[in-house]
Amino acid sequence: PDTMSTTMLSASMRRGSSSLPKGVTKDPADVVPIGHTTVLTADELARIKTTLLHADAKTQGTTIMSEDEKMRENLKQMSKTRMQGWNNTLDARRKQKEADRQAKIDEEEK
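Residues numbered from 1 in each chain as written. Predicted model: local features only at pLDDT ≥ 70, side-chain atom pairs only at ≥ 80, totals over all residues. Heavy atoms only, no water.

1. A short note on the overall build of the chain
Our working definition: Helix and strand labels come from DSSP, where a helix needs a run of H or I of at least four residues and a strand needs a run of E of at least two; each type is numbered from the N terminus. A simple rule labels every residue: compare its accessible area, found with a 1.4 Å probe on the protein chains alone, to the largest value its type can have, and call it buried under 20%, exposed over 50%, or partly exposed in between. Accessible surface area values rest on a Shrake-Rupley calculation with a 1.4 Å probe, where residue burial reflects the displayed protein chains alone.
Helix and strand counts for the chain stand at 4 helices and 0 strands. Secondary structure elements of the chain occur, N-terminal to C-terminal, as α-α-α-α. Within the chain, buried positions represent 3% of all 110 residues. Total accessible area on the chain stands at roughly 10,700 Å², and carbon and sulfur atoms take up 56% of it.

Right under this line is the structure:
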């Protein structure tokens, strides 16, 4: 029975081994039984890869930015640049009040 099942297994592996490189055969111990596999979606695989890349980068002391993070950072910088000329923002008014106070203090010292 062992030789027959091995022969049948070898024959079935030869038929299904088209994805393996030429000359490479599967060891019967490496065959995963049906029902013992996990199918990942593309999103899950991307999340796993990203998590591993970020963990690897963190151990090396660097950071990795995704395309979304890069675009968000670029838009944030563009908004800050555009806003610098505006005088009616809360930040601009705060800076103006602070400059006015400092000018008043300087005026009193003279």
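The structure having been displayed, the exposition proceeds.
2. Some points on the pattern of salt bridges
Rule in force here: By definition here, a salt bridge exists when the distance from a side-chain nitrogen of Lys or Arg to a carboxyl oxygen of Asp or Glu is within 4 Å.
One pass over the full model with this rule turns up 4 salt bridges. In this structure, aspartate 91 engages lysine 95 in a salt bridge whose closest nitrogen and oxygen atoms are separated by 3.5 Å. Taken together, the residues aspartate 91 and lysine 95, both in helix H4 (residues 90–109) and 4 residues apart, mark about one turn of the helix. Between glutamate 98 and arginine 94 there is a salt bridge, and its shortest N-O distance comes to 3.8 Å. Residue glutamate 98 and its partner arginine 94 are located together in helix H4, separated by 4 residues, close to a single helical turn.

3. Brief notes about a negative patch on the surface
Just so we agree on the cut-off: Nonpolar side chains (Val, Leu, Ile, Met, Phe, Trp, Tyr) within 5 Å and like charges within 9 Å form the patches, drawn only from residues with over 30% relative accessible area and no salt bridge. His is not counted, nor are the chain ends; Lys and Arg add positive charge and Asp and Glu add negative charge. Charge placement uses NZ in Lys and CZ in Arg. For Asp and Glu, CG and CD serve respectively.
The grouping of Asp106, Glu107, Glu108 and Glu109 at the surface amounts to a negative patch. Of note, glutamate 107 is situated in helix H4. Overall, glutamate 107 belongs to the exposed group, its relative accessible area being 59%.

4. Thoughts on helix H2 (residues 42–60)
What counts is decided by this rule: A helix is expected to span 1.5 Å multiplied by its residue count minus one.
Taking 1.5 Å as the rise per residue, H2 with 19 residues should run 27 Å; its terminal C-alpha atoms sit 27 Å apart, in good agreement. A positive phi of about 85 degrees marks glycine 61, the residue just after H2.

5. Focus: a nonpolar patch on the surface
Side chains of Leu40, Leu45, Ile48 and Leu52 sit close together on the surface and give an oily, nonpolar patch of about 340 Å² of accessible area. Position of isoleucine 48 among the secondary structure elements: in helix H2.

6. Re the side chain of threonine 89
Formally: Polar contacts, as counted here, are pairs of nitrogen or oxygen atoms within 3.5 Å of one another; within protein the pair requires one atom able to donate a hydrogen and one able to accept it, and residues that are adjacent in sequence qualify only if both atoms are side-chain atoms.
Relative to the helices and strands, threonine 89 resides in the loop between helix H3 (67–83) and H4. Polar contacts involving the side chain of threonine 89 include one to the main-chain amide nitrogen of alanine 92, which spans 3.1 Å.

7. Considering the confidence of the model for the chain
Under the convention used in this document: Residue-level confidence of the predictor, termed pLDDT, takes values from 0 up to 100. Whether two residues are in contact is decided by their heavy atoms, any of which lying within 4.5 Å being enough.
For the chain, mean pLDDT is 77; residues scoring 70 or higher make up 75% of the total. The least confident element of the chain is helix H1 (residues 2–16), whose mean pLDDT is 45; the most confident is H4, at 92. Under a pLDDT of 50 for its full length, residues 1–17 has, in the predicted model, 3 contacts with residues more than four places off or in other chains.

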